[in-house]
Amino acid sequence: VKNEDTGRVEPDPSRTSTNANIPRAEVPSLTRKLLQLGNCLEEQLETFQVLKYEAGQEFQRHTDGFANGPTTACGFQDSGRIATIFCYLNDVVGSGGTTLFTKLKGVDIQPKRGMAVIHFPMSLDLVEDERTEHQGSVVIGDDAEKWILTAWIWKHWMADYRYAEENLESLSDDII
């Protein structure tokens, strides 16, 4: 969540999952596929995130756009997220852990490994589309987990290189 006073991105209190930023250099094959799917430049991609939800965790209803139009966040200036892509990394068995689009009747997605969901939280004019409001429902079950990889595409290139991936620590020497 962007802190309007400082302009910095801070933990979102409506999300109880844990997350890790994944440098694109560590997943070049995935990066190529997402660039092709999104028909965009690498400079338009926000740093990938892997999210882990354990039993009892959720992400309350939200949109990935910005209600007040263009914003400055995550290294992008006067821009907005025009596409969200998330990939389920595991099957979530039983009830719970679904992705519910709260303003679209009947759109409640049961995570299946390898499935991807794409939606467009803002128009190219940077107007938020409230129909993309969604939530990660509570994961239910003692040993239940939900893993997803999320990518966001911005309309404009990254402008603040303090957020550049070169500033992230390498996660491993094993490149996928």
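Residues numbered from 1 in each chain as written. Predicted model: local features only at pLDDT ≥ 70, side-chain atom pairs only at ≥ 80, totals over all residues. Heavy atoms only, no water.

A. Looking closely at the overall build of the protein chain. The secondary structure content of the protein chain amounts to one helix and eleven strands. Helices and strands appear in the protein chain in the N-to-C order β-α-β-β-β-β-β-β-β-β-β-β. At 16 Å, the protein chain has a C-alpha radius of gyration in line with the 16 Å of a compact globule built from 176 residues. Each principal axis of the C-alpha atoms in the protein chain carries an extent, and together these give about 45 × 40 × 30 Å. Here the protein chain holds 176 residues, and 46% of them are scored as buried. The long-range share in the protein chain, meaning contacts at least 24 apart out of those at least 6 apart in sequence, stands at 78%. Approximately 10000 Å² of the protein chain is accessible, and the part contributed by carbon and sulfur atoms is 51%. Here the protein chain holds 17 positive side-chain charges and 28 negative ones, and the gap between their average locations is 5 Å. (Helix = DSSP H or I, 4+ residues; strand = E, 2+ residues; numbered from the N terminus. Rg over C-alpha atoms; globule rule 2.2 N^0.38 Å. Buried < 20%, exposed > 50% of the residue type's maximum accessible area, 1.4 Å probe, protein only. Contact = heavy atoms within 4.5 Å. Areas by Shrake-Rupley, 256 points an atom, 1.4 Å probe, with all protein chains shown as cover. Lys, Arg positive; Asp, Glu negative; His and termini not counted. Charge placed at Lys NZ, Arg CZ, Asp CG, Glu CD.)

B. Inspection of the pairing of strand β11 (residues 145–154) at higher detail. Summarising burial for β11: eight of the ten residues are buried, a large majority. Note that strand β6 (residues 81–88) and β11 share seven bridges and pair antiparallel. Its bridge partner being in β11, T84 is matched across the sheet by W152. (Pairing = 2+ DSSP bridges.)

C. Representation of the nonpolar core. In this structure, L34, L45, F48, I153 and W154 are the most contacted members of the largest nonpolar core, which totals 24 residues. Of all the elements in the fold, those that place two or more residues in this core are α1 (28–38), β2 (48–54), β6 and β11. Here this core takes five residues from β11, the largest share from any one element. When near neighbours in sequence (up to four residues on either side) are disregarded, I153 contacts G38, C40, Q44, L45, G80, R81, I82, A83 and I85. In this structure, F59, V117, V139 and A144 belong to the second largest nonpolar core, which totals eleven residues. (Core = buried A, V, L, I, M, F, W, Y, C linked by side-chain atoms within 4.5 Å.)

D. Representation of the sheet that holds strand β1 (residues 18–22) within the structure. Taken in spatial order, the five strands of this open sheet run β1-β2-β11-β6-β9, and their pairing is antiparallel. At either margin of the open sheet sits one strand with a lone partner, and together these are β1 and β9 (116–119). The mean angle between the axes of side-by-side strands here comes to 20°, regardless of whether they run parallel or antiparallel. One ladder, built from four bridges, connects β6 with β9; its direction is antiparallel. From the neighbouring strand, C87 faces β9, where its bridge partner is A116. This element, α1, spans β2, β6 and β11 of the sheet and lies at about 55° to β11. (Axes fitted to C-alpha atoms, helices over the stretch in contact; angles between N-to-C directions.)

E. Representation of the sheet that holds strand β10 (residues 134–136) within the structure. Taken in spatial order, the four strands line up as β3-β10-β7-β8 in an open sheet, and their pairing is antiparallel. Two strands close off the open sheet at either side, each with one partner strand: β3 (59–62) and β8 (108–109). Sheet topology places strand β7 (residues 99–101) next to β10; three bridges connect them, and they run antiparallel. Bridge pairing in β10 links F101 to H134.

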